[in-house]
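Structure at a glance
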Amino acid sequence: MRDGIGLGLAVGISGVAFGAAAVGSGMTVAQACVLSLLAFTGASQFALAGAVAGGAGLIGGAAGAILLGSRNALYGLRLADLLPRRGVRRLVAAHGVIDETTAVTLAQPDAAAARRGFLATFVTIYLTWNLTTLLGAFGAGRLGSPQALGIDVVGPAAFLALIWPRLRAGRTERAVGVAGAVIALATTPFLPTGVPVILAATAALAGALISPRPDSPRPDAPQPEVP
Amino acid sequence: MTGVWVAVLVTAAGCYALKLTGLVVPKGVLSNPRVRRFAELVPIALLAALVAVQSFAAGQSLTIDPARLAGLGAAVVALLLRAPFLVVIVVAAGTAAVLRALGVA
């Protein structure tokens, strides 16, 4: 539970970066705050802010943002047995199914501790994330031009930080990342804004078909010899 | 501006629906290892695409903004030094801001 609160505070503060990036991209303070309250999943929120900054392609931007949230469905599958099974409590708990709550919940020794860990992380991160979004959004508007403050770099730097631990996970992960970036850049001149990013999902599809298991032995790795 | 509001609300609804889906669907649906692996890899592909597009594109044209790239380079260094999330962001934005203020890039 203490882990949950600590992590919640540490990560929740990052809402400042989102609030600043959102307003820097042209969203209003209210839009930034509503997105944090209702979407409440960082990568998707940064992605939509980036699409707004692009000026066009809001449909593609929203689609890409939602696609980025697909991992939360997987987290839900793993948490389903630990969280409330029905009714309003399940509907509320669903909103808290994100990277950080999943990490804390699955790290607990038993079901009761898992539920407490989920609740502590969810409540802490929800409060701090929304409060700091408001602060960042207001601050960015007051301090000067987003370009002069380097706020246009906040989005890509945030994505890079989010993807970093996943890129270290294995060769397939790195290949998918590189392929996704290449696909998006190569198609940018020819497709409406937002679409190239969605098209990059085909890299994940190829990765899943070629290497369906994260910990499968590499095909070119030396195989143990049969005695 | 109305368009942005619609995008905000559609994104919020879609993200919530995905979170709820995981809690309510029968376990067997996503038990296929390829489906599971795809869902694991999708964020990697999309986030890498977003890093690339937001670093090198302005609308539909590809551009090079030296201050922005320097900021990203600083972020990479911070990540290699295992800096926490917010430090990475501040270092990246700060580098771009300082270079622009100095008129270097």
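Residues numbered from 1 in each chain as written. Chains lettered and ligands numbered in written order. Predicted model: local features only at pLDDT ≥ 70, side-chain atom pairs only at ≥ 80, totals over all residues. Heavy atoms only, no water.

Section: the pattern of salt bridges
Following the criterion strictly, the structure yields 5 salt bridges over all chains and no others. A salt bridge links A:Asp152 to B:Arg68, with the nearest nitrogen and oxygen atoms 3.0 Å apart. Of the two residues, A:Asp152 sits in the loop between helix H9 (111–143) and helix H10 (154–167) while B:Arg68 sits in helix H3 (residues 66–80), which places them in two different chains. Given a relative accessible area of 18%, A:Asp152 falls into the buried group. Residue B:Arg100 is joined to A:Asp152 by a salt bridge in which the shortest nitrogen-to-oxygen separation is 2.9 Å. Taken together, the positions of B:Arg100 in helix H4 (residues 85–102) and A:Asp152 in the loop between H9 and H10 put the pair across two chains. By relative accessible area, which is 17% here, B:Arg100 ends up buried. Members of the salt-bridge network, linked through shared partners, are A:Asp152, B:Asp65, B:Arg68 and B:Arg100. (Salt bridge = Lys/Arg side-chain N within 4 Å of Asp/Glu carboxyl O. Helix = DSSP H or I, 4+ residues; strand = E, 2+ residues; numbered from the N terminus. Buried < 20%, exposed > 50% of the residue type's maximum accessible area, 1.4 Å probe, protein only.)

Section: the side chain of A:Thr124
Residue and element names in this part refer to chain A. Among the secondary structure elements, Thr124 is positioned in helix H9. According to the relative accessible area criterion, Thr124 is buried, its value standing at 12%. Looking at Thr124, its side chain comes within polar contact range of the main-chain oxygen of Ala120, at 2.6 Å. Ignoring any residue separated from it by four or fewer positions in sequence, one finds Thr124 in contact with Ile5, Gly8 and Leu9. (Polar contact = N/O pair within 3.5 Å; in protein donor to acceptor, adjacent residues only side chain to side chain. Contact = heavy atoms within 4.5 Å.)

Some words on the environment of A:Arg71
On the secondary structure map, A:Arg71 appears in helix H6 (residues 70–79). Sequence separation between A:Arg71 and A:Val97 is 26 residues; the distance between their C-alpha atoms is 9.8 Å. Filtering out sequence-adjacent residues up to four positions away, A:Arg71 remains in contact with A:Thr41, A:Ala43, A:Asp99, A:Arg166, B:Ala39 and B:Pro43.

Brief notes about H10(A)
In a regular helix each residue adds 1.5 Å, so 14 residues correspond to 20 Å; H10(A) covers 20 Å between its end C-alpha atoms and thus fits that length. For H10(A), the buried fraction is high: 10 of the 14 residues fall into the buried class. Listed as buried for H10(A) are A:Val154, A:Gly155, A:Pro156, A:Ala157, A:Ala158, A:Phe159, A:Leu160, A:Ala161, A:Ile163 and A:Trp164. Buried residues in H10(A) make contact with helix H2 (15–24) and helix H4 (42–54) of chain A together with helix H2 (33–56), H3 and H4 of chain B. (Expected span 1.5 Å × (residues − 1).)

Let's talk about H4(A)
Compared with an ideal rise of 1.5 Å per residue, which puts 13 residues at 18 Å, H4(A) spans 19 Å between its outermost C-alpha atoms and is within 8% of the ideal. Among all positions of H4(A), only A:Ala43, A:Ser44, A:Gln45, A:Phe46, A:Ala47, A:Leu48, A:Ala49, A:Ala51 and A:Val52 are buried.

Quick look at unusual backbone geometry
The phi dihedral of A:Phe40 falls on the positive side, at around 45 degrees, and the residue is not glycine. Examined against the element boundaries, A:Phe40 turns out to sit in the loop between helix H3 (29–38) and H4. In this structure A:Phe40 comes out as buried when scored by relative accessible area, which is 2%. Notably, B:Arg82 is not glycine yet its phi reads approximately 60 degrees, a positive angle. One can find B:Arg82 in the loop between H3 and H4.

Digging into a positive patch on the surface
Residue and element names in this part refer to chain A. Together, Arg85, Arg86, Arg89 and Arg115 give the surface a local cluster of positive charge. With respect to the helices and strands, Arg115 occurs in helix H9. Residue Arg115 is classed as partly exposed on the basis of its relative accessible area, which comes to 43%. (Patch = residues over 30% accessible without salt bridge, like charges linked within 9 Å, V, L, I, M, F, W, Y side chains within 5 Å. Areas by Shrake-Rupley, 256 points an atom, 1.4 Å probe, with all protein chains shown as cover. Lys, Arg positive; Asp, Glu negative; His and termini not counted. Charge placed at Lys NZ, Arg CZ, Asp CG, Glu CD.)

Quick notes on the interface of chain B and chain A
Listed as interface residues are 67 residues of chain B and, on the opposing side, 96 residues of chain A. Summing both partners gives a buried area of about 7,100 Å² for chain B against chain A, and 76% of it is carried by carbon and sulfur. Scanning the region where chain B abuts chain A turns up 3 salt bridges. Listed by contribution, the elements that provide at least two residues to the side of chain B that touches chain A are helix H1 (2–24), H2, H3 and H4 of chain B. With 23 residues, the top contributor of residues to the side of chain B that touches chain A is H2(B). Residues belonging to the side of chain B that touches chain A are distributed by class as follows: 48 nonpolar, 9 polar and 10 charged. (Buried area = accessible area lost by both parts, 1.4 Å probe. Nonpolar A, V, L, I, M, F, W, Y, C, P; charged D, E, K, R; others polar.)

A look at the packing of aromatic side chains
Within a pair of aromatic rings, the relevant descriptors are the distance that separates the centres and the angle that separates the planes. Residue and element names in this part refer to chain A. For the coordinates displayed, the defined rule picks out 7 aromatic pairs over all chains. On the numbers, 4.8 Å between centres and 75 degrees between planes, the contact of Phe40 with Tyr126 is edge-to-face. In this pair, Phe40 sits in the loop between H3 and H4 while Tyr126 sits in helix H9, placing the two residues 86 residues apart along the sequence. Here the aromatic rings of Phe46 and Phe159 are separated by 6.1 Å at their centres, their planes lie at 75 degrees, and the arrangement is edge-to-face. Highlighted residues: Phe46 in helix H4 and Phe159 in helix H10, separated in sequence by 113 residues. Here the aromatic cluster, defined as three or more aromatic residues joined through ring pairs, consists of Phe18, Phe46, Trp129 and Phe159. (Phe/Tyr/Trp six-rings, centres within 6.5 Å; stacked < 30°, edge-to-face > 60°.)

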